[in-house]
Every structure is written in structure tokens, then in C-alpha cells.
Amino acid sequence: MKEIDLNKITYRTSKKEDALEHWKACQETYQEASEFLPFFVGIENWSVPDHEKYLVKFAADSQRVKNLLFFYENQIIGGGHLKPSDWNYSGELLYWVRSGWDGLGIGAFIAKTMLASAYTNFGYRHLIIQTDRNNIGSQNVAKKLGAWVGLVYGYVDHRGFQSNMLVWVKETPFVKMASMFSSDYGWNPISPKRGGIYRVDHENKLPNYMAPDPGRLKK
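To start, this report covers the structure provided alongside it.

Rules and cut-offs
- Residues numbered from 1 in each chain as written.
- Predicted model: local features only at pLDDT ≥ 70, side-chain atom pairs only at ≥ 80, totals over all residues.
- Heavy atoms only, no water.
- Helix = DSSP H or I, 4+ residues; strand = E, 2+ residues; numbered from the N terminus.
- Buried < 20%, exposed > 50% of the residue type's maximum accessible area, 1.4 Å probe, protein only.
- Contact = heavy atoms within 4.5 Å.
- Pairing = 2+ DSSP bridges.
- Axes fitted to C-alpha atoms, helices over the stretch in contact; angles between N-to-C directions.
- Parallel < 35°, antiparallel > 145°, perpendicular 65-115°, else oblique.
- Nonpolar A, V, L, I, M, F, W, Y, C, P; charged D, E, K, R; others polar.
- Phe/Tyr/Trp six-rings, centres within 6.5 Å; stacked < 30°, edge-to-face > 60°.
- Salt bridge = Lys/Arg side-chain N within 4 Å of Asp/Glu carboxyl O.

1. Examining the side chain of Ser117
In this fold, Ser117 is placed in helix α3 (residues 106–122). Overall, Ser117 belongs to the buried group, its relative accessible area being 7%. Ser117 has contacts with Lys66, Leu82 and Phe122, leaving out every residue within four places of it along the chain.

Below, the structure is given as C-alpha cells:
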């Protein structure tokens, strides 16, 4: 396995000139990433000009969204996307690591970098990471971030498979302290912004993802 110095990882918003390198990274990664990330589906058919257009849009940061590419020795090794979540006072983090660069701590580095941005630039009380129950790599990243499972719900993924989604929650240090004294600061999984997905196995007192995976049977 290759070794890297995490201190040498750089990150920034994307540039049009990154298109060829981004094309290479996506070509190598799409088969692995598209299983869990819908926005990777079809990206293997993009041309380099398609990537140019995407990166220009990707770089358009606003007061609500943050997008960063991560580099190691001029190679794109992953990306982070931060946006408002479906839950109140919260932002959602999505991240990906280039195939061949797994197991090196890059996912955790991306997540921690985006976490700092979520708290300092957007004032979120909570950072949300949603992972399919079969996406062990992303779950490990969430654990390294110190997040905890605040909700599990059943859903049909973008490939038509029935599965469970784990919603990981990471609160700011202030919110974690304040929630001890005021329920207004606690994370509320039942939000008016997110109706119809709250589902827990009340009979067995276990979240659905604890059950054996039946092979991701088609609905």
C-alpha cells in the first residue's frame, strides 16, 4: 500500500484547468463511487469539455454551499461538498475519495476540513452525513469524525435496491454543551422539512441497519 504525508494534501475550489485531471479521477472512480453516490452515475461518459462546464459550476461557492477539490502532488484525490441539509440548523456533507487512494486517511481528512468550514462559515449546529448501510468506508469516516447515528430510515436507492440509510450527526462543541440545558439545541430527527422517512424497529428495539443484509433485493 502506498504511503502519503497528509500534511502535503492541498485543497481549493475547482478551476476550468482541472478538467483533464478531474476526468481521469472520475474515470478511475465512477464504478466504485456510483454504487452509493447518484451524481457519479453517467459521469463515465462525460467528455473533457463536460468536466470543464461542471467544474466552473462546482466552483461557484455561495453563502449556502461549499465545494472543494483535494490534491496530492497535483493529482486530484477526492472532493468535498457541503450544503444545507433537510434537517433544521444542519448542513450535509458528501465526500468521495479517488479509487486507489483508499485506506490512507484521505476521507477523514476531507471530512474534517469540511467540518471546520461548516462550523465557521455557515454557523450550522449539526453536520449530517448520510451513508447507505452497505457503505462501510463512509461509515468509518463518520466514526473517525466523532459522529453518531441519530436516525435510520428505509429507502430505495438510485439503482432500485431496498436498503437503509444511516444519518450520522456531529454537533458543534457549543451545541453539544447547550443541549444539556435546552432541548432547543438538541438534534431533532423528526423535522417538518423531512417528512415520511422516520422509521425504527420498535418491536426489536434495534435500528433496521442492524439486521442482516438480504442481498439488496430488488423492490
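2. Let's talk about the sheet that holds strand β3 (residues 75–84)
Strand order in the open sheet formed by seven strands is β1-β2-β3-β4-β5-β7-β6, and the pairing between neighbours is mixed. Of all the strands in the sheet, just β1 (10–12) and β6 (148–156) have a single pairing partner and so form its edges. Averaged over all pairs of adjacent strands, the angle between their axes in this sheet comes to 25°, without regard to strand direction. With seven bridges joining them, β3 and strand β4 (residues 90–97) adopt antiparallel strand pairing.

3. Things to note about the packing of helix α1 (residues 19–33) against helix α2 (residues 48–58)
Closest axis-to-axis distance for the α1/α2 pair is 8 Å, and the angle between their directions is 105°. In terms of axis orientation, α1 runs roughly perpendicular to α2. Across the interface between the two elements, Ala19, Leu20, His22, Trp23 and Cys26 from α1 touch Val48, His51, Glu52, Tyr54 and Leu55 from α2. Among the residues forming the contact of α1 with α2, the class breakdown is seven nonpolar, two polar and one charged.

4. Quick word on the packing of aromatic side chains
Enumeration over the complete set of coordinates arrives at twelve aromatic pairs. With a centroid separation of 5.5 Å and 75° between ring planes, the pair formed by Phe40 and Trp96 is classed as edge-to-face. Of this pair, Phe40 sits in the loop between α1 and α2 while Trp96 is found in strand β4, placing the two residues 56 residues apart along the sequence. Judged by its relative accessible area of 9%, Trp96 falls in the buried class. Members of the aromatic cluster, each reached through a chain of ring pairs, are Tyr11, Phe70 and Phe109.

5. Considering the pattern of salt bridges
A full pass over the atoms with the stated rule returns three salt bridges. Of the charged contacts, one joins Asp18 and Arg12 as a salt bridge, the two residues approaching to 2.9 Å between their closest N and O atoms. In this structure, the salt-bridge partner of Glu21 is Arg98, at a minimum N-O distance of 2.6 Å. Placement of Glu21 in helix α1 and of Arg98 in the loop between β4 and α3 is noted, with a sequence separation of 77 residues between them. When sorted by exposure, Glu21 lands in the same class as Arg98, which is buried. Among the ionic contacts, a cluster of salt bridges with common partners joins Glu21, Glu28 and Arg98.

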